[in-house]
Amino acid sequence: MCLVCLCDEEETELGSQQAPGSCPYCGGKVQMLDVERKLMFCFVPLCFKIKRKYLCSSCDRRLVLYH
């Protein structure tokens, strides 16, 4: 018996711009990215999520925003 899982996840960058502030680790510029994630099962899209990510342009660390 053969069981094949046909799940896939795609991530597409929608846009980017410079965010205010600086990186707490290296002092570099912070870049804001809007990313769309698409979860697919058997080539049928199930879920779309748009998230905003913050990255340092100098040290490439992902920064987390706490409110």
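Reading the values: rules and limits
- Residues numbered from 1 in each chain as written.
- Predicted model: local features only at pLDDT ≥ 70, side-chain atom pairs only at ≥ 80, totals over all residues.
- Heavy atoms only, no water.
- Salt bridge = Lys/Arg side-chain N within 4 Å of Asp/Glu carboxyl O.
- Helix = DSSP H or I, 4+ residues; strand = E, 2+ residues; numbered from the N terminus.
- Buried < 20%, exposed > 50% of the residue type's maximum accessible area, 1.4 Å probe, protein only.
- Contact = heavy atoms within 4.5 Å.
- Pairing = 2+ DSSP bridges.

(A) Representation of the pattern of salt bridges. Across all of its chains, the model carries five salt bridges by this definition. When the shortest N-O distance is used, the salt bridge between E9 and R37 registers 2.4 Å. Here E9, found in strand 1 (residues 7-22), pairs with R37, found in strand 2 (residues 29-41); they are 28 residues apart in sequence, far enough to count as distant. Looking at E9, the relative accessible area reads 44%, which means it is partly exposed. On the basis of relative accessible area, R37 is assigned to the partly exposed category, the value being 30%. Between D34 and R52 there is a salt bridge whose closest N-O contact spans 2.9 Å. Here the residue D34 occupies a position in strand 2, and R52 occupies one in strand 3 (residues 44-56), the gap between them amounting to 18 residues.

(B) Structural view of the environment of C59. Examined against the element boundaries, C59 turns out to sit in the loop between strand 3 and strand 4 (62-63). Through-space distance from the C-alpha of C59 to that of G15 is 20 Å; in sequence the pair is 44 residues apart. Residues within four places of C59 in sequence aside, it is in contact with C23 and C26.

(C) Focus on the sheet that holds strand 2. Strand order in the open sheet formed by four strands is 1-2-3-4, and the pairing between neighbours is antiparallel. The strands lining the two open edges of the sheet, one partner per strand, are strand 1 and strand 4. The pairing of strand 3 with strand 4 spans two bridges and is antiparallel. Bridge pairing in strand 4 places Y54 opposite L63.

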